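A structural walkthrough
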Amino acid sequence: MDETKVFGMPAEKGRWLFVPLGIIVLLCLGTVYSWSIFRKPLEKLLNIGATDSLLPFTVLLVVFAVLMPITGFFIDKYGSRTVTAVGGVVTGIGYILSAFAPNISVLVFTYGIIAGAGVGIAYGVPLAVAAKWFTDKKGLAVGLTVIGFGLSPLITAPIAKHLIDTYQVPQTFLILGIAFTLIILAISTTLKTPPTGWKPAGFTASQSATMVNSDRIPMMQSSSFYGLWVCYTIGTFVGLGAIGISSPVAQEIIKLDAGTAAATVSLFAVFNGLGRPIFGWVTDRFKPKYAAIANYILILIASIMMTQAGAGQVVTYIIAFCLFWLSLGGWLAIAPTATLTLFDPTNYAKNYGIVFTAYGVGAFFGTIVAGKIRDTFGSYTNAFYITGILAIVGIITAAFVLKPSSRLASEAG
């Protein structure tokens with residue numbers, strides 16, 4: 001009889017507490033998606049332009065993605081508690097030092113590099129913990145946990161705005177840095193992975209999931225890895241690009257006022273969060289390939305809608321951008337679940353760290369290309385032709401490459 005206890009309860013019940021704890025950690029880390037709240041005050045405070053005010057955010061996303069594959073190797077070695085604690089402290093230090101940044105160059109270093117490193121270190125741990133405790137519901141558990149990152153702006157953006165209005169930007173960085181450090185340190189003491197050999201009651205892994213290592217092609221030698229990497233890059237390119245231009249598109253193409261445009265972004269954040277459990281469930285139920293294809297179909301529909309959008313077409317804009325944000329949230333569940341499904345699950349933390357580099361590439365180019373198109377053509381409309389084409393490329397890639405690569409592939413895929 002299994003006597004594994006979690007939080008003083010049988011593991012079957014206690015393991016569910018790791019989901020809300022992971023959500024809280026990711027809510028803190030996901031404050032990066034609230035960066036737009038800081039931009040205008042920083043432009044005034046540091047006497048910089050819009051391009052410069054975007055630099056700390058862009059650098060943070062890239063550092064975040066670069067650190068993921070490195071820190072993934074340390075979760076098994078040092079444990080989930082230690083890695084989470086280190087990530088939380090580094091994130092907090094980055095925010096605290098940002099409070100004393102005298103210029104944009106220093107802020108890029110303190111926020112973009114230091115805080116970005118902390119986010120990269122801590123981000124993958126709650127996902128790895130959930131994945132290991134929920135081998136029977138891995139897509140749903142990972143999707144629910146990572147919802148915290150997507151929904152963070154819904155909670156942290158109003159908090160940050162209130163703090164900025166009350167105490168100014170430097171003090172806001174300081175307050176957030178101290179708060180994040182304390183919260184993440186406290187939660188880190190509770191995180192742990194299941195003992196070797198533990199599995200949920202009644203759960204029997206499929207033959208493909210229990211294949212010995214010799215039956216699996218190493219991830220980096222698998223065509224499925226490159227297919228997943230390309231698909232993830234496309235998904236984050238489109239999604240993060242949409243995040244960066246949501247408000248400007250509303251004001252310039254749809255002709256909404258700034259206040260209404262800002263309000264729509266809060267709505268989109270809800271869909272970004274919902275995309276994670278929804279596509280986590282879809283990935284569990286219908287396999288990664290079909291989840292990816294469904295996701296790209298939504299992107300294609302949204303892209304077509306926005307190529308035809310014009311002044312006053314508020315409903316078109318809202319539906320399209322809800323789909324863009326939903327799709328981005330979906331990829332934050334599809335990619336980790338696909339990594340568990342397609343490759344050796346015992347190496348999940350390391351494997352997903354490598355897969356996550358696609359997020360960095362998508363983030364970098366997605367946030368730059370739309371702006372370049374706006375500067376070149378005088379409108380964001382042409383950007384949606386690119387997202388539509390990329391969606392078609394993604395559908396083709398997922399259909400033919402996103403499947404298990406092993407001697408049992410024909411059975412599993």
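Because the structure is predicted, anything quoted here is derived from the model rather than measured.

Rules behind the numbers
Residues numbered from 1 in each chain as written. Predicted model: local features only at pLDDT ≥ 70, side-chain atom pairs only at ≥ 80, totals over all residues. Heavy atoms only, no water. Helix = DSSP H or I, 4+ residues; strand = E, 2+ residues; numbered from the N terminus. Rg over C-alpha atoms; globule rule 2.2 N^0.38 Å. Contact = heavy atoms within 4.5 Å. Areas by Shrake-Rupley, 256 points an atom, 1.4 Å probe, with all protein chains shown as cover. Lys, Arg positive; Asp, Glu negative; His and termini not counted. Charge placed at Lys NZ, Arg CZ, Asp CG, Glu CD. Axes fitted to C-alpha atoms, helices over the stretch in contact; angles between N-to-C directions. Left-handed = near helix turned anticlockwise from the far one by under 90°. Nonpolar A, V, L, I, M, F, W, Y, C, P; charged D, E, K, R; others polar. Buried < 20%, exposed > 50% of the residue type's maximum accessible area, 1.4 Å probe, protein only. Arc of directions from axis to C-beta. Phe/Tyr/Trp six-rings, centres within 6.5 Å; stacked < 30°, edge-to-face > 60°. Salt bridge = Lys/Arg side-chain N within 4 Å of Asp/Glu carboxyl O. Core = buried A, V, L, I, M, F, W, Y, C linked by side-chain atoms within 4.5 Å. Expected span 1.5 Å × (residues − 1). Polar contact = N/O pair within 3.5 Å; in protein donor to acceptor, adjacent residues only side chain to side chain. pLDDT = per-residue confidence, 0-100.

Re the overall build of the protein chain
A tally of helices and strands in the protein chain yields 15 helices and two strands. In terms of C-alpha radius of gyration, the protein chain reaches 21 Å, essentially the compact-globule figure of 22 Å for 413 residues. Over its C-alpha atoms, taken along the principal directions, the protein chain stretches across nearly 65 × 45 × 35 Å. Long-range pairs, those at least 24 residues apart, make up 83% of the contacts in the protein chain with a sequence separation of at least 6. Surface accessibility of the protein chain: about 16700 Å² in total, with carbon and sulfur atoms responsible for 68%. Between the mean site of the 25 positive side-chain charges and the mean site of the 15 negative ones, the protein chain shows a separation of 2 Å.

Here's the deal with the packing of helix α9 (residues 223-252) against helix α13 (residues 357-377)
For any two helices packed against each other, one specifies the crossing angle of their axes together with the interaxial distance. The interhelical angle for the contact between α9 and α13, taken along N-to-C directions, is 35°, at an axis separation of 7 Å. The handedness of the crossing between α9 and α13 is right-handed. Contact with α9, carried on its side by Trp-229, Tyr-232, Thr-233, Thr-236, Phe-237, Leu-240, Gly-241, Ile-245 and Glu-252, involves Thr-357, Ala-358, Tyr-359, Val-361, Gly-362, Ala-363, Phe-365, Gly-366, Thr-367, Val-369, Ala-370 and Arg-374 of α13 and no other residues of that element. When its residues are assigned to classes, the contact of α9 with α13 shows 12 nonpolar, seven polar and two charged.

Points about helix α3 (residues 36-46)
Residues of α3 that are buried: Phe-38, Leu-42, Glu-43 and Leu-46. Along the long axis of α3, the arc covered by the buried residues comes to 135°, so they all point the same way. Exposed and oriented more than 90 degrees from the buried face of α3 are Lys-40 and Lys-44. Once α3 finishes, Asn-47 follows within two positions and takes phi at roughly 55°, a positive value.

Examining the packing of aromatic side chains
With the rule as written, the count across this model stands at 35 aromatic pairs. Here the aromatic rings of Phe-356 and Tyr-359 are separated by 4.7 Å at their centres, their planes lie at 10°, and the arrangement is stacked. For Phe-356, a relative accessible area of 0% puts it in the buried group. Here Tyr-359 falls in the buried class, since its relative accessible area comes to 0%. Grouped by ring-pair contacts, the aromatic residues Tyr-33, Phe-64, Tyr-123, Phe-149, Tyr-232, Tyr-296, Trp-331, Tyr-352, Phe-356 and Tyr-359 constitute a single cluster.

Topic: the pattern of salt bridges
Scanning the entire structure with this criterion turns up three salt bridges. Note that Lys-137 and Asp-136 form a salt bridge whose closest N and O atoms lie 3.2 Å from each other. Judged by relative accessible area, Lys-137 falls into the partly exposed class, the value being 32%. Taken together, the salt bridges that share partners define one network made up of Arg-15, Asp-136 and Lys-137.

A short note on the nonpolar core
The nonpolar side chains of a soluble globular protein tend to be buried, and buried together. By size, the foremost hydrophobic cluster in this structure holds 123 residues, and its most contacted members are Tyr-123, Phe-321 and Tyr-359. With residues up to four places along the chain from it excluded, the contact list for Phe-321 reads Ala-242, Ile-245, Ser-246, Val-249, Phe-268, Met-306 and Phe-384.

Some details on α9
Compared with an ideal rise of 1.5 Å per residue, which puts 30 residues at 44 Å, α9 spans 42 Å between its outermost C-alpha atoms and is within 8% of the ideal. Most of α9 sits out of view: 21 of its 30 residues are buried. Between a side-chain oxygen at the N-terminus of α9 and the backbone nitrogen of Ser-224 the separation is 3.0 Å; the capping residue is Ser-222.

Focus on the confidence of the model for the protein chain
Taken residue by residue, the protein chain gives an average pLDDT of 85. The fraction at 70 or more is 93%. Mean pLDDT in the protein chain bottoms out at helix α15 (residues 409-412), which sits at 41, and peaks at helix α6 (residues 80-98), which reaches 96. Per-residue pLDDT stays below 50 along residues 207-214; that stretch engages in 13 contacts with residues further than four places along the chain or on separate chains. Counted against residues more than four places away or in other chains, residues 407-413, with its pLDDT under 50, gives 13 contacts.

Concerning unusual backbone geometry
Located in the positive-phi region is Asn-47, a residue other than glycine, with phi close to 55°. By the secondary structure assignment, Asn-47 is in the loop between α3 and α4 (50-71). A relative accessible area of 70% places Asn-47 in the exposed class. In this model, Lys-287 sits at a positive phi of 80°, which is unusual for a non-glycine residue. For Lys-287, the position within the fold is in helix α10 (residues 258-307).

Let's talk about the environment of Asp-284
Mapped onto the fold, Asp-284 is located in helix α10. Ignoring any residue separated from it by four or fewer positions in sequence, one finds Asp-284 in contact with Lys-137, Lys-138, Gly-139, Leu-140 and Thr-337.

Observations concerning the environment of Ala-85
Mapped onto the elements, Ala-85 comes out in helix α6. You can call Ala-85 buried: its relative accessible area is 17%. In sequence terms Ala-85 and Thr-307 are 222 residues apart; their C-alpha atoms lie 46 Å from each other. Residues in contact with Ala-85, not counting those within four places in the same chain, are Leu-185 and Ser-188.

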